[in-house]
Amino acid sequence: MSGKKDTDPWAMPETEEKKTEGGGDAWDAAQWHEVKKGETLWKIAEQYYGDGALYPKIFEANRDILKDPDRINVGQKLRIP
Amino acid sequence: MHRHFYNFISAVLASTLLAACGAGDKGPAETALKGAEEAINVAKGEASKYFADETKSLESALVAAKEKFNRGDYKAVLSDAPALTSKAQELASAAAAKKAELTKSWDGLSSGMPRVVEAIKSRVDILSQSKKLPAGMSADTLAQARAGLGEITQQWTAATDASKGGNLMDAVSKANSAKVKAAEVLTLLKMPVPEALRG
């Protein structure tokens, strides 16, 4: 781990993260999408990437809440990598 | 005849007295000068990193005080040296405060920027695989974002190198440039700009 820090310019030090006034992470660059009625991962991939065939990227990024790429629920918040 | 003799004696006595007074100031002047030099030596290590001009000015003032001492102008040294000591102590305090401020900034940047860049890199990689870009995004925009990512990576590498070399001022400055560029690239990619990158 420490060896990685010496060579990887993106290695993160163990410091307290900056929080927003509301307690969120001020550095959080993740993009989120709340599932609406009638949406599919294909449609969401089309919206963000222009290509529905890239839906597995979204599925993989949300494996903690998605078990099946064909089953998403209204109101679910998906991280868009 | 007698009057001339007394005048001569008075003049000799006066000059002897003045010389004695001046010689009496030599010890305290030397002590004060040493005190100022020590204070400047203690301060200049860190101070020169953050307040280069002020540090040089203080060192020049010390050289001037030493010249006064060598000329035997001990009264002037006694007048100047305490002020130099005081300025050196103020400079040391200011440098310590600046270092603490920069360390805090660097800690935030080095913790947050890698995550921001990872998000940009991920999106650029995915969009590069897309057969058709999303509405409102052209191939040129994606090319700009890709070039921007390259710039950010270079700036960040330079910033971490500066930090490893102990140059916090340079590290924070370069990291802030990377931060500004990251905000531009996120906007190009129609991604949210984190609060830490705004303003």
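Residues numbered from 1 in each chain as written. Chains lettered and ligands numbered in written order. Predicted model: local features only at pLDDT ≥ 70, side-chain atom pairs only at ≥ 80, totals over all residues. Heavy atoms only, no water.

Asker: Describe in detail the overall build of chain A, supporting the description with residues and values.
Answerer: The secondary structure content of chain A amounts to three helices and two strands. Shown N-terminal to C-terminal, the secondary structure of chain A runs as helices and strands in the order α-β-α-α-β. A total of 81 residues make up chain A; the buried ones form 35% of that total. By sequence separation, contacts in chain A at least 24 residues apart represent 40% of the contacts at least 6 residues apart. Counting only carbon and sulfur atoms, one obtains 48% of the accessible surface of chain A, whose full area is about 5,200 Å². (Helix = DSSP H or I, 4+ residues; strand = E, 2+ residues; numbered from the N terminus. Buried < 20%, exposed > 50% of the residue type's maximum accessible area, 1.4 Å probe, protein only. Contact = heavy atoms within 4.5 Å. Areas by Shrake-Rupley, 256 points an atom, 1.4 Å probe, with all protein chains shown as cover.)

Asker: Tell me about the pattern of salt bridges, and please be specific about residues and values.
Answerer: All names here are of chain B. As enumerated under the stated definition, the model contains 14 salt bridges over all chains in all. Lys-174 is paired through a salt bridge with Asp-170; the nearest N and O atoms lie 2.8 Å apart. Placement of the pair is Lys-174 and Asp-170 together in helix H5 (residues 168-188), with a separation of four residues, close to one helical turn. The exposure class assigned to Asp-170 is partly exposed, which follows from its relative accessible area of 28%. Two residues, Glu-184 and Lys-181, come together in a salt bridge whose shortest N-O distance is 3.1 Å. Taken together, the residues span about one helical turn, with Glu-184 and Lys-181 both in helix H5 at a distance of three residues. When its relative accessible area of 19% is taken as the criterion, Lys-181 is described as buried. By sharing partners, the salt bridges in this structure join Glu-46, Lys-49 and Lys-99 into a single network. (Salt bridge = Lys/Arg side-chain N within 4 Å of Asp/Glu carboxyl O.)

Asker: Outline the pairing of strand E2 (residues 77-80) of chain A, supporting the account with residue identities and numerical values.
Answerer: Residue and element names in this part refer to chain A. Taking every second residue as pointing to the same face, the buried face of E2 carries Leu-78 and Ile-80, while none of Lys-77 and Arg-79 on the other face is buried. In terms of strand pairing, strand E1 (residues 31-34) meets E2 through four bridges, oriented antiparallel. From the neighbouring strand, His-33 faces E2, where its bridge partner is Leu-78. (Pairing = 2+ DSSP bridges.)

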